[in-house]
Structure formats: C-alpha cells, structure tokens
Amino acid sequence: MTVRVGMIGLGAMGRSHLTRLATQVPGVEITGVSDLDPEHAARVAAEFGAVPFADPRDLIAAREVDAVLVCSSGPAHAPAVITAIERGKPVFCEKPLAPSAGDCAEIMRAEQARGERLVTVGFMRRFDAAYRHLRDTVASGEFGAPLIVHSRHHNPRVPERYTREMSITDTGIHDIDIVRWLLGEEICSARVDRPRPTRHRCTQLQDPLVLVLTSASGVWVGVEIFVNNRHSYDVGCEVVAETGTMRLGDGPQGMDHNARFGPAFVAELRQWAGSVTRGVQDGPTAWDGYAAAAVCDAGVRALADGGATVPVELMERPALYR
Ligand SMILES: NC(=O)c1ccc[n+]([C@@H]2O[C@H](COP(=O)([O-])OP(=O)(O)OC[C@H]3O[C@@H](n4cnc5c(N)ncnc54)[C@H](O)[C@@H]3O)[C@@H](O)[C@H]2O)c1
Ligand SMILES: O[C@H]1[C@H](O)[C@@H](O)[C@H](O)[C@@H](O)[C@H]1O
C-alpha cells in the first residue's frame, strides 16, 4: 500500500521532510502541500508533483490525502492536528505538539472522542542510535538506579524572532522529552538558573540558561540550553547512576539538527509511514507531546520568576495512552 501524504508548512523543516519522504522513505507519495504563502506552495507542489491547497483544512479533507504531516510553526499545530483527528486521518506533528499543555490537552480530547490514537509527535531523538544505546544501558540496570542526568543542547544561532521562552519551548523540549523517555518517568518540577549571559546573545534572550528538573523518583536533571554558541550544534547527555556513569556516544557532527539527527529523522518517518500502513500508532504519542509541554509551561513560569521551583501540573494519564 502507498501512503499518500499531505504536508502543511513548507519552511525549512517541511522542505527537509519532503525531500526525505521523496527519497528515503519507501511506500510514500506526496500528494498535497499547503503553506500560508500560496506562491511558495505552488512552487513546492510543482517540484514534488503534488496538489497545492490554499487552506490546510481542504488538504486534510482531500480524497487523495491518507495521512497528514504538520510542519508549520508551533502555534499553528493544534488546529491542523485536531482537524486531521476529526477526519480520522493519521497525523505526524513536528515538535512542539502545541506550545502549551492546554492546547495539547485539546488534542488529546479530540483523540479520545474519536476513540483511537492518530497522532505521532516528531521527537526524533528517540530514533537516534546513540540515544537508543544509552536508553538500553540505563534500562539494563547494569549500573544501578539513575541519580543525576546532565543534558546539553547548544545551537550555533537562532533567528532574531526567537523569544526568551522559546529556549525552553522550542529547544529544551527535546531534552525534556528524551529525559522522560530515558528514565521512563515523568518530571515533577522545574527551576531556571541563569549563568552569565554570552556577549553574543540576542538581547531578548537569557542565553545560556540551565533548566533544573526533578523526576518522580527524585532524579536531578540539569539541561544546559545555549542557543547562540556561534560554533556548532552540540548535543550531549550523561546519566550518573549508582555504580557507573553512562555517556551518549557521538553521532554525526555539524552545524544543525539535520547533520546530527539526519538518520533519526529518516527512521522516525519510516516508522510513521509503516504505522500508517499497519493502522497502529506506535511512535511518540499526544500524551508525550502534552507531558513535555506541561514541563515547558512550568519552565516558562520559572524563567519569569527567577529562582523559583515550579511544580509541573500534569493530569492523570487517560486510558487511551496507557
Ligand atoms: N525536530 C527538530 O529538530 C526540528 C528542527 C527544526 C524545526 N522543527 C519544528 O518544525 C516546525 C517548522 O519549523 P521550521 O524551522 O520549518 O519553521 P519555518 O518558519 O521555516 O517554516 C514554517 C512554515 O509554516 C508556514 N505556516 C505557518 N503557519 C501556517 C499555517 N497556519 N498553515 C500553513 N502553513 C503555515 C509558514 O509560512 C512557513 O513556511 C516547528 O514546529 C519547529 O519547531 C523541528
Ligand atoms: O536544536 C534545534 C533548535 O533549538 C531549533 O530552534 C529547534 O526548532 C529544533 O527543534 C532543535 O533541534
């Protein structure tokens, strides 16, 4: 079976995913594209042999679209994802599922009303070979229980439109998800420490910042977020356990997420295409998107309230996600 995919949002990430889908993901055909900029959409449609749609809702409803990939900017995600759910179409949504836990909860409500899981969230680190090895080692218990996690997420630069909060909601969200996944438990509280800022920061940012989290079993997690380091895309992770310390192996290095996580992006899209064919959602769920957003909400409040430890407000996990 060929999965006919419609793509919403044709910016940097949308274009990269389209190229991956067209060249590295078997069993997929790109049949529809949509963007706020209709001329750009028309050009991309011609390039990939797809139909351009001015309104994303028409793309989602189209008969030639079996499944939807949402790659627009974060605040535009929830309406598109909810429309896809209401139409009963599987939907892959780039992170963040939505910028706030409240919007993610709306998405979960729509899935529960439909009675099936249709949403997959693009937390691609879960598909990276080095992170998978680290997770297997933690889970094996060889070094006892994890006690401390150090996570490092540095970018060479971010666009001028980047806000203070986005260091957490756009960048740190990857680390938040991967720590939940590595430890197999939720995060309960967040605090933000503010190191001396770089002289090269965009003035609106606190850069770098350290997000200090506590997990349900009491693991201390420090996430170092530095979005204008000027030299490299640099991601690291170290798990200190009772009788040993486990470090993330190196992946391919480079200046951005495409270089470091290229194989992981391909793996997540292949798994998603396979899951659509099988009719079974088996990647990161709307609950994962919600739980990560809830930690971001607490982090954003902690950022505004220098030094405070803010509890993470998490609803009970609905049966659909157990
Ligand atoms: N997984 C990763 O490592 C990773 C890396 C980069 C970006 N992302 C995510 O991918 C998404 C897109 O990021 P980007 O870097 O491509 O941003 P971008 O600004 O380059 O592109 C966003 C595109 O979406 C379009 N758009 C915005 N609102 C829309 C709407 N309502 N309907 C249709 N189109 C709309 C814009 O016109 C633009 O072309 C974001 O959610 C971002 O967080 C993920
Ligand atoms: O490290 C990058 C960076 O922080 C981007 O701003 C974000 O959109 C990507 O998801 C992430 O991989």
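Residues numbered from 1 in each chain as written. Chains lettered and ligands numbered in written order. Predicted model: local features only at pLDDT ≥ 70, side-chain atom pairs only at ≥ 80, totals over all residues. Heavy atoms only, no water.

- The name given to the protein chain in an unreviewed UniProt entry is Inositol 2-dehydrogenase, with Flexivirga aerilata as the source organism.
- Taken directly from UniProt, the Catalytic activity (unreviewed entry) text for the protein chain runs: "myo-inositol + NAD(+) = scyllo-inosose + NADH + H(+)".
- UniProt annotates the protein chain under Function (unreviewed entry) with the comment "Involved in the oxidation of myo-inositol (MI) to 2-keto-myo-inositol (2KMI or 2-inosose)." (UniProt positions renumbered as here; feature names shortened; annotations may be inferred.)

1. Things to note about the pattern of salt bridges
Link 1 in the chain: Summed over the entire model, instances satisfying the criterion amount to 20 salt bridges.
Link 2 in the chain: The residue R4 makes a salt bridge to D66 at a minimum N-O spacing of 2.8 Å. Within this pair, whereas R4 is found in strand β1 (residues 3–8), its partner D66 is found in the loop between α3 (56–61) and β4 (67–70), the two being separated by 62 residues in sequence.
Link 3 in the chain: Judged by its relative accessible area of 28%, R4 is partly exposed.
Link 4 in the chain: Overall, the relative accessible area of 21% leaves D66 in the partly exposed class.
Link 5 in the chain: A salt bridge links E186 to R317; the shortest N-O distance between them is 3.4 Å. Residue E186 is located in the loop between α7 (166–183) and β8 (187–193), and its partner R317 is located in the segment after β13 (310–311); the two are separated by 131 residues in the primary sequence. (Salt bridge = Lys/Arg side-chain N within 4 Å of Asp/Glu carboxyl O. Helix = DSSP H or I, 4+ residues; strand = E, 2+ residues; numbered from the N terminus. Buried < 20%, exposed > 50% of the residue type's maximum accessible area, 1.4 Å probe, protein only.)

2. Regarding the packing of α7 against helix α9 (residues 286–304)
Link 1 in the chain: Relative orientation of the contacting elements α7 and α9 amounts to 125°, with a least axis distance of 9 Å. Considering the angle they form, α7 stands oblique to α9. Relative to α9, the crossing made by α7 is right-handed. Side by side, α7 and α9 meet where I168, T169, I173, I176, D177 and R180 of the first sit next to W287, D288, A291, A292, V295, C296, G299, V300 and L303 of the second. (Axes fitted to C-alpha atoms, helices over the stretch in contact; angles between N-to-C directions. Parallel < 35°, antiparallel > 145°, perpendicular 65-115°, else oblique. Left-handed = near helix turned anticlockwise from the far one by under 90°. Contact = heavy atoms within 4.5 Å.)

3. Looking at α9
Link 1 in the chain: With 19 residues, α9 ought to run about 27 Å at 1.5 Å a step, and its terminal C-alpha atoms sit 27 Å apart, in line with that.
Link 2 in the chain: Taken across its 19 residues, α9 has 15 buried, putting it largely inside the fold.
Link 3 in the chain: The N-cap residue of α9 is T285: its side-chain oxygen and the backbone nitrogen of W287 are 3.2 Å apart. (Expected span 1.5 Å × (residues − 1). Polar contact = N/O pair within 3.5 Å; in protein donor to acceptor, adjacent residues only side chain to side chain.)

4. Topic: the UniProt feature "domain: GFO/IDH/MocA-like oxidoreductase" (unreviewed entry) in the protein chain
Link 1 in the chain: The positions UniProt marks with the feature "domain: GFO/IDH/MocA-like oxidoreductase" (unreviewed entry) are residues 131–246.
Link 2 in the chain: Between the C-alpha atoms that bound residues 131–246 there is a distance of 11 Å. The span itself is 24% helix and 35% strand.

5. Examining the pairing of strand β6 (residues 119–122)
Link 1 in the chain: Of the two faces of β6, both are covered, the one formed by V119 and V121 as well as the one formed by T120 and G122.
Link 2 in the chain: Sheet topology note: the strand β5 (residues 91–94)/β6 ladder contains four bridges and is parallel. Within the sheet, the bridge partner assigned to V91 lies in β6 and is V119.
Link 3 in the chain: Once the chain exits β5 it traverses helix α5 (residues 101–114) before rejoining the sheet at β6, and the crossover so formed is right-handed. (Pairing = 2+ DSSP bridges. Right-handed = clockwise from strand over helix to strand, strands pointing away.)

6. Focus on the sheet that holds strand β10 (residues 220–226)
Link 1 in the chain: Ordered by their spatial adjacency, seven strands build an open sheet running β12-β11-β7-β10-β9-β8-β13, and the pairing between neighbours is mixed. Single-partner strands in this sheet number two, and they are β12 (244–247) and β13.
Link 2 in the chain: One ladder, built from two bridges, connects β8 with β13; its direction is antiparallel. Residue pairing across strands places S189 opposite P311, the latter belonging to β13.
Link 3 in the chain: In this fold α9 packs onto β8, β9 (209–215) and β13, with an angle of close to 30° to the strand it touches most, β8.

7. Looking at helix α1 (residues 12–24)
Given 3.6 residues per helical turn, the α-helix brings residues three or four places apart onto the same face.
Link 1 in the chain: Its 13 residues place the ends of α1 18 Å apart at the C-alpha level, agreeing with the 18 Å of an ideal helix rising 1.5 Å per residue.
Link 2 in the chain: Burial in α1 covers these residues: M13, G14, S16, H17, L18, R20 and L21.
Link 3 in the chain: Looking at the buried residues of α1, the elements they touch are β1, β2 (28–34), α2 (38–48), β4, β5 and α8 (257–278).

8. Observations concerning the pairing of strand β7 (residues 146–154)
Link 1 in the chain: Note: β7 against strand β11 (residues 234–241), eight bridges, orientation antiparallel. Across the sheet, residue V149 finds its bridge partner in β11, namely V239.
Link 2 in the chain: Of the strand pairs in this sheet, β7 and β10 are connected by seven bridges, and their pairing is parallel. If you follow H153 over to β10, its bridge partner there is I225.

9. Looking at the site of ligand 2
Link 1 in the chain: With respect to spatial proximity, the complete set of residues near ligand 2 consists of K95, H153, N155, Y162, D170, T171, H174, Y233 and H257.
Link 2 in the chain: Side-chain polar atom of K95 to an oxygen atom of ligand 2: 2.7 Å apart, as the coordinates give it.
Link 3 in the chain: The protein chains hide 83% of the 300 Å² of surface that ligand 2 would expose on its own.
Link 4 in the chain: Counting residues per element, the shell around ligand 2 draws most heavily on α7, which supplies three residues. (Near = heavy atom within 4 Å. Areas by Shrake-Rupley, 256 points an atom, 1.4 Å probe, with all protein chains shown as cover.)

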